[in-house]
Amino acid sequence: MSGSMFDYEADVLVVGSGAAGLAAAVTAAREGCSVMLFEREDHVGGTPGLSGGTAWIPNNSSMREQGVEDPRDDALRYLARTAFPQY
Ligand SMILES: Cc1cc2nc3c(=O)[nH]c(=O)nc-3n(C[C@H](O)[C@H](O)[C@H](O)COP(=O)(O)OP(=O)(O)OC[C@H]3O[C@@H](n4cnc5c(N)ncnc54)[C@H](O)[C@@H]3O)c2cc1C
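Position numbers for residues start from 1 in each chain and track the written sequence from start to end. pLDDT decides what is reported in this predicted model: residues at 70 or higher carry local features, side-chain atom pairs at 80 or more are listed and counted, and totals for whole chains, interfaces and linings draw on all residues regardless. Note that water and hydrogens are dropped before the side-chain values are worked out from all heavy atoms of the structure.

(A) Spatial organisation of the overall build of the protein chain. Helix and strand labels come from DSSP, where a helix needs a run of H or I of at least four residues and a strand needs a run of E of at least two; each type is numbered from the N terminus. Helix and strand content of the protein chain: 3 helices and 2 strands. In the protein chain, the succession of helices and strands from N to C terminus is β-α-β-α-α. For the radius of gyration, the atoms used are the C-alpha atoms, and the globule rule reads 2.2 Å times the number of residues raised to 0.38. Relative to its length of 87 residues, the protein chain is extended, with a C-alpha radius of gyration of 20 Å against a globular reference of 12 Å. In terms of overall dimensions, the protein chain has a C-alpha envelope of 65 × 35 × 25 Å along the principal axes. The buried label applies to any residue whose accessible area, calculated with a 1.4 Å probe on protein chains only, is under 20% of its type's maximum; exposed applies above 50%, and partly exposed to all values in between. When the 87 residues of the protein chain are sorted by exposure, 11% land in the buried category. When checking whether two residues touch, look at their non-hydrogen atoms; a contact exists if any pair is within 4.5 Å. In the protein chain, of all internal contacts separated by at least 6 residues, the share reaching a separation of at least 24 is 30%. For the protein chain, the accessible surface area stands at approximately 7500 Å², while carbon and sulfur atoms represent 55% of it. The convention is simple: Lys and Arg are positive, Asp and Glu are negative, and His and the chain ends are not counted. By convention, the charge on Lys lies at NZ, on Arg at CZ, on Asp at CG and on Glu at CD. Both charge centroids of the protein chain, one from 6 positive and one from 12 negative side chains, sit 13 Å from each other. Accessible areas in this description were obtained via Shrake-Rupley with a 1.4 Å probe; residue shielding takes into account the shown protein chains only.

Below, the structure written as structure tokens:
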């Protein structure tokens, strides 16, 4: 018997391969850690596999550079309405 009670060892264990898990795994690997990723489904990707695959970053610098207007107040109003419609 080896000195370890585990069959596999890694610096970082990530559970779930969605946006959060994959971001954590990639970041840890880029920082030089060995990574194990556990996923309960038979495919990786989590919920983003169902998503539009885009990220909305309101009023971001790339949009501003291209002259695209996305006023901060509009974004805050939209988020507040969606997240807290009762208010
Ligand atoms: C229809 C739809 C469309 C969307 N469109 C967009 C979009 O266009 N843009 C956007 O930014 N966001 C979108 N979202 C939201 C986005 O998908 C979620 O905010 C994001 O996926 C959350 O990531 P997560 O890593 O926290 O969770 P998830 O992506 O849900 O990942 C969790 C993972 O963990 C795994 N898991 C759970 N329990 C265990 C366990 N015990 N052991 C091992 N693995 C486990 C799951 O199988 C899954 O793979 C959309 C969501 C839906 C439902």
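From this point, the discussion proceeds with the structure in view.
(B) Quick look at the domain arrangement of the protein chain. Domain borders in the structure are assigned automatically or taken from a domain database. By the assigned domains, the protein chain splits into domain 1 (10–49) and domain 2 (56–87). Computed from C-alpha coordinates alone, the two centres of domain 1 and domain 2 are separated by 30 Å.

(C) Looking closely at the packing of aromatic side chains. Note on aromatic pairs: the rings of Phe, Tyr and Trp (six-membered ring only in Trp) are paired at centre separations within 6.5 Å, and the planes decide the class, stacked below 30 degrees, edge-to-face beyond 60, tilted for the rest. With the rule as written, the count across this model stands at 1 aromatic pair. Each ring, one from tryptophan 56 and one from tyrosine 78, has its centre 5.4 Å from the other, and the planes form 85°; the classification is edge-to-face. Residue tryptophan 56 is located in the loop between strand S2 (35–38) and helix H2 (61–65), and its partner tyrosine 78 is located in helix H3 (residues 72–83); the two are separated by 22 residues in the primary sequence. Using a relative accessible area of 49% as the deciding quantity, one classes tyrosine 78 as partly exposed.

(D) The arrangement of the site of the ligand in detail. When we say a residue is near a molecule or strand, we mean one of its heavy atoms is within 4 Å of it. The environment of the ligand is formed by 18 residues, the closest being Ala20, Glu39, Thr47, Ser51 and Thr54. Side-chain atoms alone can form a polar contact between residues adjacent in sequence; in general such a contact is a pair of N or O atoms within 3.5 Å, and within protein one must be able to donate a hydrogen while the other accepts it. Measuring from an oxygen atom of the ligand, one finds a backbone N or O atom of alanine 20 at 2.8 Å. For the ligand, an oxygen atom lies 2.6 Å from a polar atom in the side chain of glutamate 39. Notes on the ligand: free accessible area 1000 Å², of which the protein chains cover 52%. Ten residues, namely Ala, Val, Leu, Ile, Met, Phe, Trp, Tyr, Cys and Pro, are considered nonpolar, four, namely Asp, Glu, Lys and Arg, are considered charged, and the remaining ones, Gly among them, are considered polar. Looking at the shell around the ligand, its residues break down into 6 nonpolar, 9 polar and 3 charged.

(E) Quick look at the pairing of strand S1 (residues 12–15). With 4 bridges joining them, S1 and S2 adopt parallel strand pairing. By the bridge assignment, valine 14 is partnered in S2 with leucine 37. Orienting the strands away from the viewer, one traces the path from the first strand over the helix to the second; a clockwise path indicates a right-handed crossover. Handedness of the crossover is the feature at issue here: the chain leaves S1, passes through helix H1 (residues 19–30), returns alongside S2, and the resulting connection is right-handed. We treat two strands as partners when DSSP finds at least two bridges between them.

(F) Here's a closer look at unusual backbone geometry. In this structure, asparagine 59 is a non-glycine residue whose phi angle is positive, near 50°. Looking at where asparagine 59 falls in the secondary structure, it is placed in the loop between S2 and H2. Residue classification places asparagine 59 among the partly exposed residues on the basis of a relative accessible area of 26%.

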